[in-house]
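The lines below spell out each chain.
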Amino acid sequence: MRPWLRAARPHQWSKNLLVLAPVALGWSQLSTPRLVDALFALLLLCAASSLTYMLNDVIDVEADRLHLTKRRRPFASGHLARRHGVALVAVGLPIVLLLGWLISPAVAASLAAYCALTLAYSFWLKRIAVTDAFVIGALFTMRLVVGTTAATLEWSAWLLTFSVFFFSSLALAKRHTELVGAGPHATGAVPGRGYRYEDRSLTLVLGVAASTASVLIGVQYLMAEVFPRGAYAHPLWLWAAPPLIFLWVGRIWLLANRGEMHDDPVVFALTDPVSHGLGAGMVIAFLLALL
């Protein structure tokens, strides 16, 4: 079972905690049944994301075998057969969507949209430079959509826009890390991607611009929606969020440009002590705003 567990990438499930972000931000509108539905949707999204990761690895076997770290993945290394991965996905995804329908048709539709966009990314969109990063940002934003839909909360255009820019920046940081990691003299096309190694300066500029835009959009979200809502006892503590986010993405881009960051920002965030400290600061500020 160990190769299957590795192929499921359980460490990536931390991304799906975004499903609960609308629940935390819209807690004043929440009821216990809505919270249960959101938690159930979180579990279904973890299953769906693992299945789509497996399919992506099956599709990417040849390119992954040429990659420094991805060649150790179960399908690329030969520990799992590609046909077994395809069979599991073909059976598992319909079951996930059926269970989502039991929550509500809207949840099933949002899960289906997530899976469809993921498959489009795996088969086509990831080979288009810059578009691939935007699609990853959209996939992260779909997690917010799943949470908002499951808990039947009000929609926030500011929050969704922030998410697209913020996570597109992280996706570009991942691409930039790969380009820089190949060395300053690497040239030509990147296998399986739409980039050339000469695009290092472009990924740097676009990624930093997207991260800066996300911080500004976050400020607008606080002023236009959060503060007028009156859901927090001490909302001024929430002003800690924009500078903490700026410091974190600034660190991401500093290390990425130096070639010192892990090629997966999620793994980096889970293992980086500075990221843990900044994240703890965000949690403390949120709790102080509530109490």
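Residues numbered from 1 in each chain as written. Predicted model: local features only at pLDDT ≥ 70, side-chain atom pairs only at ≥ 80, totals over all residues. Heavy atoms only, no water.

## Details of the overall build of the chain
Okay, so step 1: Each helix and strand counted, the chain has 13 helices and zero strands in total.
Okay, so step 2: Listed by position from the N terminus, the elements making up the chain come as α-α-α-α-α-α-α-α-α-α-α-α-α.
Okay, so step 3: Scaling as 2.2 N^0.38, a compact globule of 291 residues should have a C-alpha radius of gyration of about 19 Å, and the chain matches this with 19 Å.
Okay, so step 4: When each of the 291 residues of the chain is scored for burial, the buried share is 48%.
Okay, so step 5: Across the chain, the fraction of contacts at a sequence separation of at least 24, relative to all contacts at a separation of at least 6, is 68%.
Okay, so step 6: About 13,800 Å² of surface is accessible on the chain, with carbon and sulfur atoms providing 72% of the total.
Okay, so step 7: Placing the 23 positive and 15 negative side-chain charges of the chain at their respective mean positions leaves the two points 6 Å apart. (Helix = DSSP H or I, 4+ residues; strand = E, 2+ residues; numbered from the N terminus. Rg over C-alpha atoms; globule rule 2.2 N^0.38 Å. Buried < 20%, exposed > 50% of the residue type's maximum accessible area, 1.4 Å probe, protein only. Contact = heavy atoms within 4.5 Å. Areas by Shrake-Rupley, 256 points an atom, 1.4 Å probe, with all protein chains shown as cover. Lys, Arg positive; Asp, Glu negative; His and termini not counted. Charge placed at Lys NZ, Arg CZ, Asp CG, Glu CD.)

## Section: the packing of aromatic side chains
Okay, so step 1: Counted under the stated rule, the structure contains six aromatic pairs.
Okay, so step 2: On the basis of an interplanar angle of 15 degrees and a centroid distance of 5.4 Å, the ring pair of Phe162 and Phe166 is categorised as stacked. Of this pair, Phe162 and Phe166 both sit in helix α9 (residues 157–181), four residues apart, which is roughly one turn of the helix.
Okay, so step 3: Every member of this aromatic cluster is reached through a ring pair, and the members are Phe140, Phe162, Phe166, Phe167 and Trp248.
Okay, so step 4: When the ring centre of Phe140 is taken as origin, the NZ or CZ atom of Arg143, which lies over that ring, is 4.8 Å away. (Phe/Tyr/Trp six-rings, centres within 6.5 Å; stacked < 30°, edge-to-face > 60°. Lys NZ or Arg CZ within 6 Å of the ring centre and 35° of its normal.)

## Some points on a nonpolar patch on the surface
Okay, so step 1: On the surface, Phe40, Leu43, Val91, Ile95, Leu99 and Leu102 cluster together into a nonpolar patch covering about 560 Å² of accessible area.
Okay, so step 2: Those elements that provide at least two residues to the nonpolar patch are α3 (32–59) and α6 (82–103).
Okay, so step 3: The biggest single contributor to the nonpolar patch is α6, with four residues.
Okay, so step 4: Along the chain, Leu99 turns up in helix α6.
Okay, so step 5: According to the relative accessible area criterion, Leu99 is partly exposed, its value standing at 31%. (Patch = residues over 30% accessible without salt bridge, like charges linked within 9 Å, V, L, I, M, F, W, Y side chains within 5 Å. Salt bridge = Lys/Arg side-chain N within 4 Å of Asp/Glu carboxyl O.)

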